[in-house]
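Spelled out from the first residue to the last, the chains are:
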Amino acid sequence: MRLLDRLHRWTGGLIGLLLALLGLSGAVLVHKDAWVMLPHARDAQLWDTQAIAAGVERIMADPATRPRSIIFATRDFGLNRLSYAGDAGAYSDQAGTIVTRWDSQWQRPEIWLFDFHHHLFAGDTGETVIGIAAVCGLFFVISGTILWWRTRKTFAFRLLPKRLSRPAIVRHHRDLGVVAAPLLALSLVTGSILVFQPLAGIFLGPSAPAQIKVALKPPAPRKAVLADHPDWTRMIHTARSLYPDAEFRILSLPRNDNGLISLRMRQPDEWIPNGRTTLWFAADSGALVRTRDARALPRAVKAYNALYPLHAAKIGGLPYRLVMTVSGLALALLGSLAVWSFWFRGGLKVPAQPPRATKVSQGLKRPA
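Just so we're clear, the structure is a prediction, and the values are computed from it rather than from any experiment.

1. A closer look at the overall build of the protein chain
Next, step 1: Assigned secondary structure in the protein chain consists of 13 helices and eight strands.
Next, step 2: By principal-axis analysis of the C-alpha atoms, the protein chain measures approximately 105 × 45 × 35 Å.
Next, step 3: Scored against the burial criterion, the 368 residues of the protein chain give a buried share of 44%.
Next, step 4: Partitioning the contacts of the protein chain with sequence separation of at least 6, the portion at a separation of at least 24 is 59%.
Next, step 5: Just so you have it, the protein chain exposes about 19600 Å², and 62% of that area is on carbon and sulfur atoms.
Next, step 6: Across the protein chain, the 45 positively charged side chains and the 24 negatively charged ones have centroids separated by 20 Å.

Right, here's the structure in full:
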């Protein structure tokens, strides 16, 4: 227990602040659609196929200025998001009219906050660091619960410590941590698997990582150059005819000369917000090359696809968003106070153990 306690304190002191910032940013991001205030952001989501096709045609009309991708509007957010080279982007209404543009992610708080929470502004390296922090956070939840068990009879729940002394912070940390443990475990497990896909084998079965890799692999690249004016309307109507109940989610131009335009759709029974139902079209002719129906994916892959919506509160509406907000705020509070108590309130010192009484000392203390 002494070694476990020391590992718990030292690891928390070293990465507690990072976990706190990830928890706080996550709590803010789950409500992103509500606090982005722009014209037409509250418009109802379009379902008319011809209207959607007309909007795409308008956005993609000029080959010199067309975006690399379109993320279509949702039920909760009525704007399309367009991505250009670098960090540039724009929001358009669903008719294709640009509402606002930006040349850098720093001009849009929801975008740089998302980049911080997912990548620490450092791309794949930052994502790996976040995954390691999530695994460490899961260790905190397990070890903290074990350490709490010894003092369970003194449990007293409070949102904030009585004072900023180390004993008060430690007691608050211990009791708040065990209450928040199930929510923290959910956030940390889902987050770590999303970063380190092989961990899916622990929670979803040994064959899950291989099934995920095969099922989500895109088709082989084709030698095709993007036409100046692809028939976007034809692609949209083809997708709607194949999946009449699905919503359009992401239209992406070919990347790395793969010669394929991809169109992701979300069917009613898919949890993942951007769906895994995908159609690929030849970049030169617009002909349909391949489709992937998310309903036919293996069970382990469907379970993996459910991790992100669970992590980012993309299901369950406002009640579940509030639940994950509590999880993020609890992580922010636990992590920040852990760092404060460790570095500034004597947490570096190992608690002194009372000396054992020897037979000689016991004999000296006996009354004559």
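2. Thoughts on the packing of aromatic side chains
Next, step 1: This structure, assessed with the given rule, holds 11 aromatic pairs.
Next, step 2: Note on Phe139 and Phe140: the rings are 6.1 Å apart at their centroids and 55° apart in plane angle, and the pair reads as tilted.
Next, step 3: Of the residues examined, Phe140 reaches a relative accessible area of 14% and is grouped as buried.
Next, step 4: Taking the centre distance of 5.1 Å and the plane angle of 85° together, the rings of Phe342 and Trp343 count as edge-to-face.
Next, step 5: The class of Phe342 is buried, set by a relative accessible area of 4%.
Next, step 6: Taken together, the aromatic side chains of Trp106, Trp112, Phe116 and Phe121 make up a single cluster linked through ring pairs.

3. Examining the nonpolar core
Next, step 1: One finds Leu19, Leu184, Leu188, Ile193, Ile212, Val301 and Tyr304 to be the most contacted residues of the largest nonpolar core, which totals 28 residues.
Next, step 2: With seven residues, the single largest contributor to this core is helix H6 (residues 166-195).
Next, step 3: With residues up to four places along the chain from it excluded, the contact list for Val301 reads Gln211, Ile212, Ala215 and Leu216.

4. Structural notes on the sheet that holds strand E1 (residues 69-71)
Strand pairing in a sheet relies on backbone hydrogen bonds, with the paired strands running either antiparallel or parallel.
Next, step 1: Strand order in the open sheet formed by eight strands is E4-E3-E2-E1-E5-E6-E7-E8, with antiparallel pairing between adjacent strands. Each end of this open sheet is capped by a strand with a single partner; those strands are strand E4 (98-102) and strand E8 (288-292). Looking at each pair of strands side by side, their axes are set apart by 20° on average, direction ignored.
Next, step 2: One ladder, built from four bridges, connects strand E7 (residues 277-282) with E8; its direction is antiparallel. Bridge pairing in E8 links Thr278 to Arg292.

5. Overview of the environment of Val326
Next, step 1: For Val326, the position within the fold is in helix H12 (residues 317-344).
Next, step 2: Relative accessible area serves as the criterion here: at 48%, Val326 is assigned to the partly exposed category.
Next, step 3: Residues Val326 and Asp284, spaced 42 residues apart in sequence, show a C-alpha to C-alpha distance of 49 Å.

6. Concerning the packing of H6 against H12
Next, step 1: Contact pair H6 / H12: the axes reach a minimum separation of 9 Å and the direction vectors enclose 145°. Crossing angle aside, the handedness with which H6 passes H12 is left-handed.
Next, step 2: Considered class by class, the residues forming the contact of H6 with H12 number 17 nonpolar, six polar and one charged.

7. Here's the deal with helix H1 (residues 2-29)
Next, step 1: With 28 residues, H1 extends 38 Å from end C-alpha to end C-alpha; this agrees with the ideal 40 Å at 1.5 Å per step.
Next, step 2: Bending of H1 peaks at approximately 60° at the position of Ile15.

8. Considerations on empty space enclosed by the protein
Next, step 1: Scanning all chains against the criterion turns up one cavity of 30 Å³ or more.
Next, step 2: The calculated volume of the largest cavity comes to roughly 130 Å³.
Next, step 3: In terms of lining, the largest cavity is formed by 14 residues, of which the most central are Leu46, Ile52, Phe72, Asn80 and Gln94.
Next, step 4: The set of elements that each furnish at least two residues to the lining of the largest cavity consists of helix H3 (49-59) and strand E5 (247-252).
Next, step 5: The element best represented in the lining of the largest cavity is H3, accounting for four residues.

9. Regarding a nonpolar patch on the surface
Next, step 1: Residues Trp10, Leu14, Leu164, Trp340, Trp343 and Phe344 make up a contiguous nonpolar surface patch of roughly 640 Å² in combined accessible area.
Next, step 2: Listed by contribution, the elements that provide at least two residues to the nonpolar patch are H1 and H12.
Next, step 3: With respect to the helices, strands and loops of the structure, Trp343 is situated in helix H12.

10. Looking at the pattern of salt bridges
Next, step 1: Inspection of every chain in the model, using the stated rule, returns six salt bridges.
Next, step 2: With a shortest N-O distance of 3.3 Å, Lys32 and Asp33 are connected by a salt bridge.

Rules and cut-offs
Residues numbered from 1 in each chain as written. Predicted model: local features only at pLDDT ≥ 70, side-chain atom pairs only at ≥ 80, totals over all residues. Heavy atoms only, no water. Helix = DSSP H or I, 4+ residues; strand = E, 2+ residues; numbered from the N terminus. Buried < 20%, exposed > 50% of the residue type's maximum accessible area, 1.4 Å probe, protein only. Contact = heavy atoms within 4.5 Å. Areas by Shrake-Rupley, 256 points an atom, 1.4 Å probe, with all protein chains shown as cover. Lys, Arg positive; Asp, Glu negative; His and termini not counted. Charge placed at Lys NZ, Arg CZ, Asp CG, Glu CD. Phe/Tyr/Trp six-rings, centres within 6.5 Å; stacked < 30°, edge-to-face > 60°. Core = buried A, V, L, I, M, F, W, Y, C linked by side-chain atoms within 4.5 Å. Pairing = 2+ DSSP bridges. Axes fitted to C-alpha atoms, helices over the stretch in contact; angles between N-to-C directions. Left-handed = near helix turned anticlockwise from the far one by under 90°. Nonpolar A, V, L, I, M, F, W, Y, C, P; charged D, E, K, R; others polar. Expected span 1.5 Å × (residues − 1). Bend = angle between axes of the 7 residues up to and from the residue. 1 Å grid on protein atoms, 1.4 Å probe; cavity = no way out; pocket = protein on both sides within 12 Å on 5 of 7 lines; lining within 4 Å. Points joined across faces, edges and corners; volume = space filled by probe spheres on them. Patch = residues over 30% accessible without salt bridge, like charges linked within 9 Å, V, L, I, M, F, W, Y side chains within 5 Å. Salt bridge = Lys/Arg side-chain N within 4 Å of Asp/Glu carboxyl O.

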